[in-house]
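Here are the chains, one letter per residue:
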Amino acid sequence: FGDKFKQPKGSWNCSVCLLQNKAEDSKCVACQSEKPGSSVPVTSSSVSAFSASSGGFLDLDKFKMPEGSWECEVCSVQNKAEATKCIACENMKPGTKAELK
Ligand SMILES: [Zn+2]
Ligand SMILES: [Zn+2]
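This one's a predicted model, so the numbers in the text were calculated from it and none came from an experiment. (Residues numbered from 1 in each chain as written. Chains lettered and ligands numbered in written order. Predicted model: local features only at pLDDT ≥ 70, side-chain atom pairs only at ≥ 80, totals over all residues. Heavy atoms only, no water.)

Participant: Quick question: what am I supposed to make of the overall build of the protein chain here?
Facilitator: Scanning the protein chain from N- to C-terminus turns up one helix and four strands. Reading the secondary structure of the protein chain in the N-to-C direction produces β-β-α-β-β. Expressed as a percentage of the 101 residues in the protein chain, the buried residues total 13%. For the protein chain, restricting intrachain contacts to residue pairs at least 6 apart in sequence, the fraction spanning at least 24 positions comes to 4%. (Helix = DSSP H or I, 4+ residues; strand = E, 2+ residues; numbered from the N terminus. Buried < 20%, exposed > 50% of the residue type's maximum accessible area, 1.4 Å probe, protein only. Contact = heavy atoms within 4.5 Å.)

Okay, here's the thing in structure tokens:
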């Protein structure tokens, strides 16, 4: 008695649309919502950890110079990446090899 009202073993009801799904379905066949209890709690914690670490990187990025820019060794002026000479003292960009022909 009562077995008729039991769900098939392992089946589950969607918490969103209340559709009964099979045990092997990991998502609701109707609305694709996650099977209750199959949600991965690791995801949220890993995401928060990731965002925390990436946030640290973002903080470092604030102190970074714009990409490709360089600082003059002589006068410490920051020059743009496309500048091959210091805009202030015309010192050669460090690492710039003179293009000898
Ligand atoms: Zn559903
Ligand atoms: Zn300079």
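Read on, since the account is not over.
Participant: What exactly am I supposed to notice about the coordination of the zinc ion (ligand 2) here?
Facilitator: Expected angles at a metal are 109.5 degrees for tetrahedral coordination by four donors and either 90 or 180 degrees for octahedral coordination by six donors. The protein atoms that coordinate the zinc ion (ligand 2) are Cys72 (SG), Cys75 (SG), Cys86 (SG) and Cys89 (SG), at distances of 2.1 to 2.2 Å. Spacing between the donor residues of the zinc ion (ligand 2) along their common chain follows C-x2-C-x10-C-x2-C. Note on Cys86: relative accessible area 2%, which makes it buried. (Donors = N, O, S within 2.8 Å, 3.2 Å for Na, K, Ca; no water.)

Participant: What exactly am I supposed to notice about the coordination of the zinc ion (ligand 1) here?
Facilitator: Each protein donor to the zinc ion (ligand 1) is listed here as Cys14 (SG), Cys17 (SG), Cys28 (SG) and Cys31 (SG); together their distances run 2.2 to 2.3 Å. If you look at the zinc ion (ligand 1), its four donor atoms make angles of 100 to 126 degrees with each other, and the shape they trace is tetrahedral. For the zinc ion (ligand 1), all donor residues lie on one chain, and their spacing in sequence is C-x2-C-x10-C-x2-C. On the basis of relative accessible area, Cys14 is assigned to the buried category, the value being 1%. (Tetrahedral: all angles 85-135°; square planar, octahedral: opposite > 155°, others 65-115°.)

Participant: Is there a simple way to explain the side chain of Ser33 in this structure?
Facilitator: Mapped onto the elements of the fold, Ser33 is located in the loop between strand E2 (20–21) and helix H1 (41–63). Those residues in contact with Ser33 that sit more than four places away from it in its chain are Trp12, Cys14, Val16, Ser26, Lys27 and Cys28.

Participant: It is not clear to me how the side chain of Asn21 should be interpreted in this structure. Could you clarify?
Facilitator: Structurally, Asn21 is set in strand E2. A distance of 2.9 Å separates the side chain of Asn21 from the backbone nitrogen of Val29, its partner in a polar contact. If sequence neighbours within four positions are ignored, Asn21 has contacts with Ser11, Trp12, Cys14, Lys27, Cys28 and Val29. (Polar contact = N/O pair within 3.5 Å; in protein donor to acceptor, adjacent residues only side chain to side chain.)

Participant: Honestly, the environment of Asp25 in this entry has me stumped. Any pointers?
Facilitator: You can see Asp25 is positioned in the loop between E2 and H1. For Asp25, the residues in contact, after removing those within four places along its chain, are Trp12 and Lys35.

Participant: Which parts of the structure should I look at to understand the environment of Pro66?
Facilitator: If you trace the backbone, Pro66 turns up in the loop between H1 and strand E3 (70–71). Sequence spacing of Pro66 and Asn79 is 13 residues, and the spatial spacing of their C-alpha atoms is 9.6 Å.

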